[in-house]
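# Commentary on secondary and tertiary structure
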Amino acid sequence: MKRTLFRNQLLPWLLLAPQLAITFIFFLWPAAQAVRQSFLRQDAFGINTTFVGLSNFEALWNSPEYLNSLQVTAVFAVLVTVLSMGFALLLAVAVDRMIRSTSVYTTLLVWPYAVAPAVAGILWWFIFNPTIGVMPYFLDAVGYDWNHISSKTDAMTLVVIASAWKQISYNFLFFVAGLQSVPASLREAAAIDGAGPVRRFFDITVPLLSPTTFFLLVVNIVYAMFDTFGVIDATTEGGPAQATNILVYKVYFDGFVGQNMGSSAAQSVILMLIVIALTVVQFRYVEKKVAY
Amino acid sequence: MASIILDKVGKVYAGGTRAVGDVSIDIADGEFVVLVGPSGCGKSTLLRMVAGLESISEGTVRIGDRVVNDIEPADRDIAMVFQNYALYPHMSVRQNLAYGLKNRRTPKAEIDKRVAQAAEILQIGPYLDRKPRALSGGQRQRVAMGRAIVREPAAFLFDEPLSNLDAKLRVTMRLEIKELQRRLRTTSIYVTHDQLEAMTLADRLVVLNAGRIEQIGTPLEVYRKPASTFVASFIGSPAMNLISRRAVPHLPGTDHAGTIGIRPEDLTVAPDGPLEMEVLAVEELGAQRLVHGQTGGERLTVTMPSGEALPEYLRLAYRPGSLHLFDGKGLRIA
Ligand SMILES: Nc1ncnc2c1ncn2[C@@H]1O[C@H](COP(=O)(O)OP(=O)(O)OP(=O)(O)O)[C@@H](O)[C@H]1O
Ligand SMILES: [Mg+2]
């Protein structure tokens, strides 16, 4: 690494200042505020604030709504991760065979990633709109009455598809890169060793892909838990009957719509802890070998 | 154990590149055949066609009494040792060795027995439970060999298996491969671009040039009677001197457009010799030295015992009967 020596002690700090300021103003300060607020309670008019200790957290623990949201988030995150990674892997395997001949396909598959979550949400909202959407029309033809406004399952399906769709391209890129880094000679050696295509895939490719898979697993869980706010807001707004009210959306809804700052702050503190935990797991395992 | 017969085999890649054309070789059961040639001449392509990793565009390949053109690599009863070893990095050495047997549903006891045997032969017993990345280059090489021998296949295919080793280890492993093959008597095809490796290992050499066979023969046959100027310059180190006929009109021979070949070791200093060489550079090798120079505008190399400083000009004689004569197309006349 190149080392630069500054004679002036102040200059490096000046150069760092903008980045430090941004980090402080937009990340550290709000985070600290959230932690502070999570221990406070405001009265209905927002005039008096009192210190209430852990009772905001206690209230969450005893709130069926919050526990439901926790469960919804878990189901949602698992479904989005499995769907987006599974589908991306399928595409990547298909592309891996022909990658040397064309890169157009690869480029096309990256497009969804350039679309903002809210736009993606609206897009899927239109496609699945019970009155004007194209999907309900087709589903009706096979005898399924699609309605994500009243059906919990339909609503969950919609937000899962809309969220997973966007992540597929990202996962795809990593999987393609991962597959490309598995030496062809290993698969050839396995072929000579009597392993058919399926066996080769599971015995050779999957293990060698495991660092990529693990990395994507964490990234996708984080995405599903935190980055899907736009999708939910544009499609179901957490409904029907809380069926798609994931934790991040609930933080926003309770805080900004319900004006319950203490509870909202406590919820964001919990989310923060989850992110920290995931990050620790990430670093722990990515540093170590995952499978070999 | 099986013979391998290539009949007019050719390969044209999808892009239209012709990599191999009209190659016919009969390899006897238990024979060690080395495919040798410069980089890009189609050696790997040919070997991979035998292995079944590359489709065969033209001709037929037989292993034993079967035509294998349309048979999967797994069912051809061959084992291959790759240049980069292609060991499975996530499996232990033991698992690497056992993988091919496991896929063929060999009973557990039999697998254990064969792995132990192979480990014994190749002295890799102490590393059986290590992952490949915890092995040195030479040990990996042995494991790659082990993976081939546990299967007890009809034929071994080697694609430059020693090229990732340092010079000294290469010499040791070369000898080990030779001894192993002598002992197992398994038909082998070995690809290399190193002519010394080819000479020392082969029962028979196949010299390839631009996808075609230049010559097939035992190492000594090829060395003593190279079929073309290409083979002459490729086999033997230092390379044979190839002098255009016109530069030395007083030497015997007929064709005026042709080339005369003289091996450096067939030239000696002689005051009344027919060749005069201007000395340009000397390489000392210890017991011997290589003297490079020119005669009539053609480069010339001579091996001679080391000794005192050389004059600027040397007169040289060639050993009687050691001249190789090639016609205008580079093909051997005598
Ligand atoms: N998959 C491929 N598609 C198109 N052309 C190929 C392919 N593989 C090899 N070739 C071409 O075929 C020719 C022979 O290649 P091959 O790998 O058999 O050479 P080689 O003799 O093994 O060389 P080296 O000593 O460098 O390994 C080369 O011109 C190469 O560019
Ligand atoms: Mg090669």
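Attention here is on the structure that accompanies the text. Computed from a predicted structure; not experimentally measured. (Residues numbered from 1 in each chain as written. Chains lettered and ligands numbered in written order. Predicted model: local features only at pLDDT ≥ 70, side-chain atom pairs only at ≥ 80, totals over all residues. Heavy atoms only, no water.)

### Regarding the overall build of chain B
If you tally the helices and strands in chain B, you get eight helices and 18 strands. In terms of overall dimensions, chain B has a C-alpha envelope of 75 × 45 × 35 Å along the principal axes. In chain B, buried positions account for 51% of the 334 residues. Taking all contacts inside chain B whose residues are at least 6 apart in sequence as the whole, residues at least 24 apart take part in 63%. (Helix = DSSP H or I, 4+ residues; strand = E, 2+ residues; numbered from the N terminus. Buried < 20%, exposed > 50% of the residue type's maximum accessible area, 1.4 Å probe, protein only. Contact = heavy atoms within 4.5 Å.)

### Some thoughts on the pairing of strand 2 (residues 18–27) of chain B
Residues and elements named next belong to chain B. Strand direction decides the pairing type here: strand 1 (residues 4–12) and strand 2, joined by six bridges, are antiparallel. Pairing of Ile4 across the sheet is with Ile27, part of strand 2. Linkage of strand 1 to strand 2, two consecutive antiparallel strands, is achieved through a turn of five residues, within which Gly16 is found at a positive phi near 100 degrees. (Pairing = 2+ DSSP bridges.)

### Notes on the packing of helix 8 (residues 184–192) of chain A against helix 9 (residues 197–226) of chain A
All names here are of chain A. Two numbers describe how helix 8 lies on helix 9: the axes approach to 10 Å, and their chain directions differ by 155 degrees. The angle between helix 8 and helix 9 falls in the class roughly antiparallel. In the packing of helix 8 onto helix 9, the handedness of the crossing is right-handed. Where helix 8 abuts helix 9, its residues Leu186, Arg187, Ala190 and Ala191 lie against Arg200, Ile204, Thr205 and Leu208. Split by residue class, the contact of helix 8 with helix 9 holds five nonpolar, one polar and two charged. (Axes fitted to C-alpha atoms, helices over the stretch in contact; angles between N-to-C directions. Parallel < 35°, antiparallel > 145°, perpendicular 65-115°, else oblique. Left-handed = near helix turned anticlockwise from the far one by under 90°. Nonpolar A, V, L, I, M, F, W, Y, C, P; charged D, E, K, R; others polar.)

### A closer look at unusual backbone geometry
All names here are of chain B. The linkage connecting Ser237 with the following residue, Pro238, adopts the cis geometry, with an omega of 0 degrees. Residues other than glycine seldom take positive phi values, yet Gln123 does so here, at roughly 55 degrees. Along the chain, the position of Gln123 falls in the loop between helix 3 (108–122) and helix 4 (137–150). Among the residues examined, Gln123 registers a relative accessible area of 56% and is labelled exposed.

### Comments concerning the sheet that holds strand 3 (residues 32–36) of chain B
All names here are of chain B. Spatially, the six strands line up as an open sheet ordered 6-7-8-3-9-10, and their pairing is mixed. The open sheet has two free edges, formed respectively by strand 6 (78–81) and strand 10 (212–217), since each of these has just one partner strand. Here the strands of the sheet are splayed against their neighbours by 15 degrees on average, with no regard to which way each runs. Of the pairings in the sheet, the one linking strand 3 to strand 9 (residues 204–209) comprises four bridges and is parallel in character. Its bridge partner lying in strand 9, Val34 is registered against Leu205.

### Describing the pattern of salt bridges
All names here are of chain B. This structure, assessed with the given rule, holds 18 salt bridges over all chains. With its nearest N and O atoms 2.6 Å apart, the salt bridge here joins Glu58 to Arg18. Taken together, the residues Glu58 in strand 4 (residues 58–63) and Arg18 in strand 2 connect sequence positions 40 residues apart. We note a salt bridge from Arg114 to Glu152, for which the minimum N-O separation is 3.9 Å. Of this pair, Arg114 sits in helix 3 while Glu152 is found in the loop between helix 4 and strand 7 (155–159), placing the two residues 38 residues apart along the sequence. The exposure class of Arg114 is buried, given its relative accessible area of 13%. Within the structure, one salt-bridge network assembled from shared partners comprises Glu110, Lys113, Arg114 and Glu152. (Salt bridge = Lys/Arg side-chain N within 4 Å of Asp/Glu carboxyl O.)

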